[in-house]
Amino acid sequence: MALLSACGGSREQFIGPRVLDACNASWPVCSQIAGCILGPESYAEGRFPGSTQLIVQVPEASTITVHFYLEEVTAAGEETAIVFQEEGCRSRKRVAITGKLAIDSMEKFGEFTREADVTGVGDHLIQIQSDMQARYVVKVDVTPLRNR
């Protein structure tokens with residue numbers, strides 16, 4: 001597979017004014033530990049293959065959108081999955097994308113995204129797992145359902 005870098009848009013455009021969160025904290029959520037709390041002012045970086053957990057704080061019923069920017073892709077892998085947990089982990093929604101579709105979206109739009117609606121107010125655990133071989137930048141947006 002050809003090396004993917006900065007296709008469809010730049011890393012700087014993707015990040016915008018957000019600040020890097022190293023995701024090296026220990027935030028308790030749902031009897032687990034997440035490394036960071038991401039919101040409209042922050043982003044995180046990591047490497048696939050692997051998994052990560054983060055928290056998104058939601059003030060009202062909303063759509064959580066997880067955005068990825070990929071760099072140094074050497075293998076698309078089979079699947080990237082995001083699990084959106086309701087507050088208290090009372091329910092969850094798993095959303096997956098094939099490696100090929102993620103790469104195609106990245107090349108066409110400069111990112112790939114997945115989203116889910118959540119109804120609970122508070123901390124939502126987001127679990128990300130992928131067998132892709134790449135570096136990634138991740139950010140989240142929260143849009144109240146009443147604004148749709």
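### A closer look at the overall build of the protein
Phase 1 of the analysis: Looking only at helices and strands, the protein has two helices and nine strands in total.
Phase 2 of the analysis: Along its sequence from the N terminus, the protein presents helices and strands in the succession α-β-β-β-β-β-β-β-α-β-β.
Phase 3 of the analysis: The C-alpha atoms of the protein give 15 Å as radius of gyration, which agrees with the globular expectation for 148 residues (15 Å, within 12%).
Phase 4 of the analysis: Seen through its principal axes, the protein has C-alpha atoms that stretch 40 × 30 × 25 Å.
Phase 5 of the analysis: For the protein, the proportion of its 148 residues judged to be buried stands at 44%.
Phase 6 of the analysis: The long-range share in the protein, meaning contacts at least 24 apart out of those at least 6 apart in sequence, stands at 75%.
Phase 7 of the analysis: When the accessible surface of the protein is split by element, carbon and sulfur atoms take 49% of a total near 7,400 Å².
Phase 8 of the analysis: Averaging the locations of the 14 positively and 19 negatively charged side chains of the protein gives two centres separated by 3 Å.

### Focus on the state of the cysteines
Phase 1 of the analysis: Under the defined criterion, the tally for this structure stands at two disulfides.
Phase 2 of the analysis: The disulfide that involves C23 links it to C36, with 2.0 Å between the sulfurs. Judged by the sign of its S-S torsion, about 60 degrees, the bond between C23 and C36 is right-handed. Pair noted here: C23 is in the loop between β1 (19–20) and β2 (27–29) and C36 is in the loop between β3 (32–34) and β4 (42–58), with a separation of 13 residues, a long-range link.
Phase 3 of the analysis: Judged by its relative accessible area of 1%, C36 falls in the buried class.
Phase 4 of the analysis: Here C30 connects covalently by a disulfide to C89, the sulfurs 1.9 Å from one another.

### What about the packing of aromatic side chains?
Phase 1 of the analysis: Applying the stated criterion across every chain, the model contains five aromatic pairs.
Phase 2 of the analysis: Here F14 and Y69 contribute two aromatic rings whose centre-to-centre distance is 5.6 Å and whose plane-to-plane angle is 35 degrees, an arrangement assigned as tilted. Note that F14 is positioned in helix α1 (residues 11–15) and Y69 in strand β5 (residues 62–75), a separation of 55 residues in sequence. For the pair shown, F14 and Y69 are each scored as buried.
Phase 3 of the analysis: Both rings, one in F68 and one in F112, keep their centres 4.8 Å apart while their planes meet at 15 degrees; by these two values the pair is stacked. Here F68, found in strand β5, pairs with F112, found in strand β8 (residues 112–118); they are 44 residues apart in sequence, far enough to count as distant.

### Overview of the nonpolar core
Phase 1 of the analysis: V66, F68, I126 and I128 are the most contacted members of the largest nonpolar core, which totals 35 residues.
Phase 2 of the analysis: For this core, the elements supplying multiple residues, two or more each, are α1, β4, β5, β6 (79–85), β7 (92–98), α2 (99–109), β8 and β9 (122–144).
Phase 3 of the analysis: In terms of residue count, the dominant contributor to this core is β9 (eight residues).
Phase 4 of the analysis: Excluding residues that lie within four positions of it along the chain, F68 makes contacts with F14, F48, I82, M106, E111, F112, I128, Y136, V137 and V138.

### A word on the side chain of S42
Phase 1 of the analysis: With respect to the secondary-structure elements, S42 resides in strand β4.
Phase 2 of the analysis: A distance of 3.1 Å separates a polar side-chain atom of S42 from the backbone nitrogen of G39.
Phase 3 of the analysis: Those residues in contact with S42 that sit more than four places away from it in its chain are R18, V19, I37 and K139.

### Notes on α2
Phase 1 of the analysis: Those residues of α2 that sit buried are G99, A102, I103, S105 and M106. For α2, the angular spread of the buried residues around the axis is 160 degrees, confining them to a single face. When the buried face of α2 is taken as reference, the exposed residues oriented beyond 90 degrees from it are K100, K108 and F109.
Phase 2 of the analysis: Each element contacted by the buried residues of α2 is listed here: β5, β6, β7, β8 and β9.
Phase 3 of the analysis: In the stretch just after α2, G110 is the one whose phi turns positive, near 85 degrees.

Reading the values: rules and limits
Residues numbered from 1 in each chain as written. Predicted model: local features only at pLDDT ≥ 70, side-chain atom pairs only at ≥ 80, totals over all residues. Heavy atoms only, no water. Helix = DSSP H or I, 4+ residues; strand = E, 2+ residues; numbered from the N terminus. Rg over C-alpha atoms; globule rule 2.2 N^0.38 Å. Buried < 20%, exposed > 50% of the residue type's maximum accessible area, 1.4 Å probe, protein only. Contact = heavy atoms within 4.5 Å. Areas by Shrake-Rupley, 256 points an atom, 1.4 Å probe, with all protein chains shown as cover. Lys, Arg positive; Asp, Glu negative; His and termini not counted. Charge placed at Lys NZ, Arg CZ, Asp CG, Glu CD. Disulfide = S-S within 2.5 Å. Phe/Tyr/Trp six-rings, centres within 6.5 Å; stacked < 30°, edge-to-face > 60°. Core = buried A, V, L, I, M, F, W, Y, C linked by side-chain atoms within 4.5 Å. Polar contact = N/O pair within 3.5 Å; in protein donor to acceptor, adjacent residues only side chain to side chain. Arc of directions from axis to C-beta.

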